[in-house]
Amino acid sequence: MKPFYSRINFEKGLLLDYDKKVIRRISDIIPYVSDSKAAEEMAENDDKIVYEVLQRNVPQEPGHIQHSITIIKPGNIQGELFMTKGHYHGNEQSAEIYLGLRGRGLLVMQKDEQTEIIEMRKGTAAYIPPKWAHRTININADQDFVFMSFFPGDAGYDYKKLQQEGINIRIMKDGDNYKEVNI
Ligand code: S6P
Ligand code: ZN
């Protein structure tokens, strides 16, 4: 393949060139939220977009580096702030770097009984070591949270493992702020 580039608008926190857009609505994250019943009802009434992932097409092979931008909308489901599904990498040796571009969010990571949380904003570069599950949450009530991710071509996704073991910490709306709730 040939070299290529993408343009990022840092003011708007947007990837201007992308090959594929994945849209996740409330109906897509029902099994991942604390109150699945509330999510089902919300999805029936108004199936809002929770997040979008803008991806570049790169071979999903060792040696390549996938990169994409995630835009998480502001909102909550029965108080649980809008978030990504969260996953382990299918190839568990794969690390990842998240770079904050706009808004404010939390990166929640989990490995065995350990949980780590990094608050992210524009300019935060967070390192997710191999074997740590990761999920991001928008903690701003009126602004998108946008970050860019860089990960190995063959990282893959294991959503089931995290869904089955459950995530230990939920991020709930607390007035204009947020609180961490241990489960
Ligand atoms: C991929 C990386 C991100 C997420 C994206 C959506 O390894 O971590 O690009 O895929 O933020 O999250 P999720 O959990 O729905 O894939
Ligand atoms: Zn990942």
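The shown structure was predicted, so the numbers you read here are calculated from the model rather than taken from an experiment.

Asks: Just checking my understanding: could you explain the coordination of the zinc ion (ligand 2) for this structure?
Replies: In ideal tetrahedral geometry, four donors around a metal make angles of 109.5 degrees, whereas ideal octahedral geometry with six donors gives angles of 90 or 180 degrees. The coordination sphere of the zinc ion (ligand 2), as far as protein atoms go, consists of H87 (NE2), H89 (NE2), E96 (OE) and H134 (NE2), spread over 2.1 to 2.3 Å. Around the zinc ion (ligand 2) sit six donor atoms; with metal-centred angles ranging over 74 to 176 degrees, the donor geometry is octahedral. Going along the chain, you hit the donors of the zinc ion (ligand 2) in the pattern H-x1-H-x6-E-x37-H. Note that H89 is positioned in the loop between β7 (80–81) and β8 (96–102) and H134 in strand β12 (residues 133–138), a separation of 45 residues in sequence. Each member of the pair, H89 together with H134, is buried.

Asks: How do you make sense of the sheet that holds strand β4 (residues 49–55) when you look at a structure like this?
Replies: Strand pairing in a sheet relies on backbone hydrogen bonds, with the paired strands running either antiparallel or parallel. Pairing is antiparallel in the open sheet, where six strands are placed in the order β3-β4-β5-β13-β8-β11. Each edge of the open sheet is held by one strand with a lone partner, namely β3 (20–25) and β11 (125–128). The sheet shows a mean angle of 20 degrees between the axes of neighbouring strands, taken without regard to direction. Examined bridge by bridge, β8 and strand β13 (residues 145–152) share five bridges and lie antiparallel to one another. Across the sheet, residue G100 finds its bridge partner in β13, namely F147.

Asks: Any chance you could explain the site of ligand 1 here in plain terms?
Replies: Every one of the 17 residues lining ligand 1 counts as a neighbour, but Y51, T70, E96, Y98 and Y159 are closest to it. Here S68 contributes a side-chain N or O atom positioned 3.3 Å from an oxygen atom of ligand 1. Interatomic distance of 2.8 Å between a side-chain N/O atom of T70 and an oxygen atom of ligand 1. Out of a free accessible area of 400 Å², ligand 1 has 97% covered by protein chains. Because more than half of its atoms lie within 2 Å of the grid, ligand 1 is assigned to the largest pocket. When contributions to the shell around ligand 1 are tallied by element, the ones reaching two or more residues are β4, β5 (65–72), β8 and β13. Looking at the shell around ligand 1 element by element, the count peaks at three residues for β13. Grouping the amino acids of the shell around ligand 1 by side-chain chemistry returns seven nonpolar, eight polar and two charged.

Asks: Is there a simple way to think about the packing of aromatic side chains in this case?
Replies: The geometry of two aromatic rings is summed up by the distance between their centres and the angle between their planes. Taken as a whole and judged by the stated rule, the model has three aromatic pairs. The interplanar angle of 35 degrees and the centroid separation of 4.4 Å between the aromatic rings of Y98 and F147 together place this pair among those described as tilted. Taken together, the residues span a long stretch of sequence, with Y98 in strand β8 and F147 in strand β13 at a distance of 49 residues. In this structure F147 comes out as buried when scored by relative accessible area, which is 1%. Joined through ring pairs, the aromatic side chains of Y98, F145 and F147 make up one cluster. Residue placement shows K85 over the ring face of Y159; its charged tip is 4.3 Å from the ring centre. One residue, K161, lies across the ring of Y88, its end atom 4.1 Å from the ring centre.

Asks: Can you help me understand the layout of surface pockets in this one?
Replies: The volume enclosed by the largest pocket comes to roughly 330 Å³. If you go around the largest pocket, you meet 21 residues; those closest to its centre are V53, T70, H87, Y157 and Y159. The set of elements that each furnish at least two residues to the lining of the largest pocket consists of β3, β4, β5, β8 and β13. A per-class count over the lining of the largest pocket returns eight nonpolar, nine polar and four charged.

Rules and cut-offs
- Residues numbered from 1 in each chain as written.
- Chains lettered and ligands numbered in written order.
- Predicted model: local features only at pLDDT ≥ 70, side-chain atom pairs only at ≥ 80, totals over all residues.
- Heavy atoms only, no water.
- Donors = N, O, S within 2.8 Å, 3.2 Å for Na, K, Ca; no water.
- Tetrahedral: all angles 85-135°; square planar, octahedral: opposite > 155°, others 65-115°.
- Helix = DSSP H or I, 4+ residues; strand = E, 2+ residues; numbered from the N terminus.
- Buried < 20%, exposed > 50% of the residue type's maximum accessible area, 1.4 Å probe, protein only.
- Pairing = 2+ DSSP bridges.
- Axes fitted to C-alpha atoms, helices over the stretch in contact; angles between N-to-C directions.
- Near = heavy atom within 4 Å.
- Polar contact = N/O pair within 3.5 Å; in protein donor to acceptor, adjacent residues only side chain to side chain.
- Areas by Shrake-Rupley, 256 points an atom, 1.4 Å probe, with all protein chains shown as cover.
- 1 Å grid on protein atoms, 1.4 Å probe; cavity = no way out; pocket = protein on both sides within 12 Å on 5 of 7 lines; lining within 4 Å.
- Sits in = over half its atoms within 2 Å of the grid points.
- Nonpolar A, V, L, I, M, F, W, Y, C, P; charged D, E, K, R; others polar.
- Phe/Tyr/Trp six-rings, centres within 6.5 Å; stacked < 30°, edge-to-face > 60°.
- Lys NZ or Arg CZ within 6 Å of the ring centre and 35° of its normal.
- Points joined across faces, edges and corners; volume = space filled by probe spheres on them.

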